[in-house]
Amino acid sequence: MTDNIYHDGNRRLQDRFDTRRLADRLDEKIVKDVIDDNDRQFMERMDMFFLATADEHGRPNCSYKGGEPGFVRVIDEHTIAFPNYDGNGMYLSMGNVLANPHVGLLFIDFENQWRMRLNGEASIDERDPLMSDYPEAQFIVRVRAREVFPNCPRYIHHYTLVERSKFVPKTECTTPVPDWKQGDWVADVLPENDPARTGAGGD
């Protein structure tokens, strides 16, 4: 059982629309700070989630994180972990984690129309023991859960997976270089060891 998750802003709207009793019942019945076996099975079969972070001033950022099913791993009943792969080099989400560890994760299964939230505190580690399990990971992100709960799925649109991204790193093949990294406008500012500069990958 978590501490009550609501603040004055939540309460003002709950009172305006007469949902305070409902909100309290949901907090009592479905919000918890542990990851149970059903939660673990759900998260570990997901191939994507949305990550919300905020900087030291509370300014938000939301990003998409994708990988192969199982790229999110439940470590114990309070902790999950996932890799950070090469991106655009801005580090908006992960830079926020260094400034403000409070994060929110939203997992959505569009095919089965189900979703789950996990809120907690994140940390990053380039020497995490899980590094060897994720080819090309820059570091591992661990999140200690503060609140874990399902969300009403009624507005989830039904989508079917067509194809997973070919850019997710795998041990059995070379990761291709995205087109945008091969443009003249960015060639002179790529990191020294970037495959687009070294020619180690190809799209």
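Residues numbered from 1 in each chain as written. Predicted model: local features only at pLDDT ≥ 70, side-chain atom pairs only at ≥ 80, totals over all residues. Heavy atoms only, no water.

Moving on, we come to the layout of surface pockets. The space that makes up the largest pocket amounts to roughly 1,300 Å³. At five residues, strand β2 (residues 60-66) tops the list of elements feeding residues into the lining of the largest pocket. Partitioning the lining of the largest pocket into residue classes produces 23 nonpolar, 14 polar and eight charged. As a volume, the second largest pocket reaches approximately 690 Å³. Lining the second largest pocket are 25 residues, and of these I5, Y6, L26, F149 and N151 sit closest to its centre. Secondary-structure elements contributing two or more residues to the lining of the second largest pocket are α1 (8-16), α2 (20-29), β6 (114-125) and β7 (139-151). (1 Å grid on protein atoms, 1.4 Å probe; cavity = no way out; pocket = protein on both sides within 12 Å on 5 of 7 lines; lining within 4 Å. Points joined across faces, edges and corners; volume = space filled by probe spheres on them. Helix = DSSP H or I, 4+ residues; strand = E, 2+ residues; numbered from the N terminus. Nonpolar A, V, L, I, M, F, W, Y, C, P; charged D, E, K, R; others polar.)

Turning next to the nonpolar core. Grouped together as the largest cluster of nonpolar side chains are 30 residues, with contacts concentrated most on M43, I80, L105, F107, L118 and V143. Top contributing element to this core by residue count: β7, with six residues. Residues contacting F107, with those up to four places away along its chain left out, are F42, M43, M46, M48, F49, V72, I80, W114, R115 and M116. (Core = buried A, V, L, I, M, F, W, Y, C linked by side-chain atoms within 4.5 Å. Buried < 20%, exposed > 50% of the residue type's maximum accessible area, 1.4 Å probe, protein only. Contact = heavy atoms within 4.5 Å.)

Let us now look at the sheet that holds strand β5 (residues 102-109). If you trace the seven strands from one edge of the open sheet to the other, you get β2-β1-β5-β6-β7-β4-β3, paired in antiparallel fashion. Looking at which strands have only one partner, the edges of the open sheet turn out to be β2 and β3 (73-76). On average, each strand axis in the sheet is inclined to that of its neighbour by 35 degrees, with strand direction left out of account. Sitting on the sheet, helix α3 (residues 37-45) touches β3, β4 (79-84), β5, β6 and β7, and the angle it makes with β6 is about 80 degrees. Across the sheet, helix α4 (residues 92-99) is in contact with β1 (48-54), β2, β4, β5, β6 and β7; its angle to β1 comes to roughly 50 degrees. (Pairing = 2+ DSSP bridges. Axes fitted to C-alpha atoms, helices over the stretch in contact; angles between N-to-C directions.)

All right, on to the pattern of salt bridges then. Pairing is possible between side chains of opposite charge, provided their charged atoms come close. Per the stated rule, a full pass over the model turns up 17 salt bridges. A salt bridge links D15 to R20; the shortest N-O distance between them is 2.8 Å. Exposure remark for D15: the relative accessible area of 43% places this residue in the partly exposed category. A salt bridge links D55 to R59; the nearest nitrogen and oxygen atoms lie 2.7 Å apart. When salt bridges that share partners are traced, they join K32, D36 and D39 into one network. (Salt bridge = Lys/Arg side-chain N within 4 Å of Asp/Glu carboxyl O.)

A word on the side chain of K181. Within the secondary structure, K181 is located in the loop between β7 and α5 (184-187). Reaching out from K181, the side chain makes a polar contact with the side chain of D194 at a distance of 2.7 Å. Ignoring anything within four residues of it in the chain, the contact list for K181 reads D86, G87, V186, L190, D194 and A196. (Polar contact = N/O pair within 3.5 Å; in protein donor to acceptor, adjacent residues only side chain to side chain.)

A separate point is the packing of aromatic side chains. Here the structure, examined in full by the defined rule, presents six aromatic pairs. Summarising the aromatic geometry, the rings of F49 and F71 are spaced 5.9 Å apart at their centres and angled 15 degrees between planes, so their arrangement reads as stacked. Linking F49 in strand β1 with F71 in the loop between β2 and β3, this pair joins segments that are 22 residues apart in sequence. When sorted by exposure, F49 lands in the same class as F71, which is buried. Following the ring pairs from residue to residue traces out a cluster consisting of F49, F71, F82 and F107. Above the face of the F17 ring, R16 is positioned so that its terminal group lies 4.6 Å from the ring centre. (Phe/Tyr/Trp six-rings, centres within 6.5 Å; stacked < 30°, edge-to-face > 60°. Lys NZ or Arg CZ within 6 Å of the ring centre and 35° of its normal.)

A word on the packing of α1 against α2. Axis separation between α1 and α2 bottoms out at 8 Å; the angle between their running directions is 125 degrees. As judged from the angle between their axes, α1 and α2 are oblique. Residues R11, Q14 and D15 of α1 lie in contact with α2, whose contacting residues are R20, A23 and D24. Broken down by class, the residue content of the contact of α1 with α2 amounts to one nonpolar, one polar and four charged. (Parallel < 35°, antiparallel > 145°, perpendicular 65-115°, else oblique.)

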